[in-house]
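# Coordinate inspection notes
These are the residues of each chain, in order.
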Amino acid sequence: MDITEKKIKINDVDLASLLGYNDQFLSVIESRFDASIAVRGDTIIVRGEPSEIKMIEKTFGELRYILQRKGSISVEDVNSVLLFAMPSFTENKAHSKDAPSMNSVILYGKKEAIKPRNKNQAEMYRKVLENDLVFAIGPAGTGKTYLAVAIALAALKNNEVSRIVLSRPAVEAGESLGFLPGDLSEKVDPYLRPLLDAISDMVSAEKLKSMSEKRIIEIVPLAYMRGRTLSNSFIILDEAQNATITQMKMFLTRLGKNSKAIVTGDVTQIDLPNKKLSGLGDAEKVLHGIPGIEFTYFDKSDVVRHKLVSDIINAYDKSEIEKEKYRMSKYQNNISEPVNQSIIKE
């Protein structure tokens, strides 16, 4: 990938007006490109592929003209200029919604185009495009989280949302969060790391850092979602089987105006003390049939990780079946044993 740097000096208009209050306009522009944009004094520094740098330079040029002519610019002006600067991108977006399939490009990552890798992934993609809330349920390795992150980043780049919020329950699988070393950020980092890994595969480290600092992308523990209303956002709840019923209800009611959400999880990997309290399993029963909410189910045949992952899942499933057979046979033997009458007489 050919990465170059371009410095755009701004000395003919007020830079603060060009970038917007709290860099609002700059955030909108940056979210549409893979290139990173930084401001140093009166200079805008753009780093990325030459084709994107050219479009960004064109965008700022048009906005400077509008600012000089009108004396101010708005978010609508920024979006209009972006449509003018990126016509091919708008065409791709419209095409992807016509008939999403395994050949549909969701997002261009750092190394390759990201597409659905099997029938159920294509089905999940279609349901997300058509609905505001989609549950993706299935075993590890089926690409649920990775696909969800790609769809969210595509929505951000298409200017359908203004930020992405990714969340996970910080539930321990055999270890106590309180005894882990470090401050709160360091304690929860291991639980949020898989989400960060997925994003890092699609966005450069420099770009991710910039978007995180501007809160365009947030990665937060589920407990920290309470009390928030997330409008114009794409929200992902990962490992949802470890959310309690109360937490699931809390998360789902965070949805604000013009927001979408994807909930992913594996009901066979519940780490809660009482597995019956899983919010994911409860949501399956409570929310089925509501317009705007869809469920996509994955199975072992959808595993897209290393080929051994599918074999490992099969081996554990077989082991669980054998254990259940043993428990049932032992139970039946116990209830069929005759009562020892001599014990009763004593």
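Residues numbered from 1 in each chain as written. Predicted model: local features only at pLDDT ≥ 70, side-chain atom pairs only at ≥ 80, totals over all residues. Heavy atoms only, no water.

### Details of the pattern of salt bridges
Any two side chains of opposite charge can pair if their charged atoms end up close together. Defined as follows: Put simply, a salt bridge is a Lys or Arg side-chain nitrogen that is within 4 Å of an Asp or Glu carboxyl oxygen. Numbering goes from the N terminus for both helices and strands, where a helix is a DSSP run of H or I of at least four residues and a strand is a run of E of at least two. Burial classes: relative accessible area under 20% of the type maximum marks a residue as buried, over 50% as exposed, and values in between as partly exposed (1.4 Å probe, protein chains only).
Tallying each qualifying case throughout the model produces 17 salt bridges. Residues arginine 64 and aspartate 12 are paired through a salt bridge, measuring 3.3 Å at the closest nitrogen-oxygen approach. Residue arginine 64 is located in helix 3 (residues 50-70), and its partner aspartate 12 is located in the loop between strand 1 (4-9) and helix 1 (15-19); the two are separated by 52 residues in the primary sequence. Among the ionic pairs, lysine 70 bridges to aspartate 77, the shortest N-O distance being 3.0 Å. Relative accessible area serves as the criterion here: at 46%, lysine 70 is assigned to the partly exposed category. One salt-bridge network, in which partners are shared between bridges, spans Glu123, Arg126, Lys127 and Glu130.

### Some thoughts on the sheet that holds strand 3 (residues 43-48)
In plain terms, the rule: Note on pairing: two strands pair once DSSP finds at least 2 bridges between them. Between N-to-C directions, angles cover 0 to 180 degrees, with each direction set by a line fitted to C-alpha atoms, over the stretch in contact for helices.
Strands sit in the order 1-3-2 across an open sheet of 3 strands; the sheet is antiparallel. Only two strands of the sheet have a single partner each, and these edge strands are strand 1 and strand 2 (36-40). The mean angle between the axes of side-by-side strands here comes to 20°, regardless of whether they run parallel or antiparallel. Relative to strand 3, strand 1 runs antiparallel, the two sharing 6 bridges. Note on strand 3: the bridge partner recorded for threonine 4 is glycine 48.

### Some words on helix 9 (residues 205-213)
Note the threshold: Regarding the arc, it is the one traced by the directions from the helix axis to the C-beta atoms.
Residues Lys207, Leu208, Ser210 and Met211 constitute the buried set of helix 9. Down the axis of helix 9, the sector holding all buried residues measures 165°, keeping them to one side. Relative to its buried face, helix 9 has exposed residues pointing more than 90 degrees away, namely Ala205, Lys209 and Glu213. Count one or two residues on from helix 9 and you reach arginine 215, which has phi positive near 60°.

### A short note on the packing of aromatic side chains
Applied cut-off: Aromatic rings from Phe, Tyr and Trp, with only the six-membered ring used for Trp, were paired whenever their centres fell within 6.5 Å, and each pair was classed as stacked if the ring planes differed by under 30 degrees, edge-to-face if by over 60, and tilted otherwise.
Taken as a whole and assessed by the stated rule, the structure comprises 2 aromatic pairs. Between phenylalanine 135 and phenylalanine 295, the aromatic rings sit 4.6 Å apart at their centres with planes inclined by 10°, giving stacked as the arrangement. Taken as a pair, phenylalanine 135 in strand 6 (residues 133-137) and phenylalanine 295 in strand 11 (residues 293-297) lie far apart in primary sequence, 160 residues in all. Both residues of the pair, phenylalanine 135 and phenylalanine 295, count as buried. Between the aromatic rings of phenylalanine 295 and tyrosine 297, the centroid separation amounts to 6.3 Å while the plane-to-plane angle is 10°, which identifies the pairing as stacked. For tyrosine 297, a relative accessible area of 38% translates into the label partly exposed. Members of the aromatic cluster, each reached through a chain of ring pairs, are Phe135, Phe295 and Tyr297.

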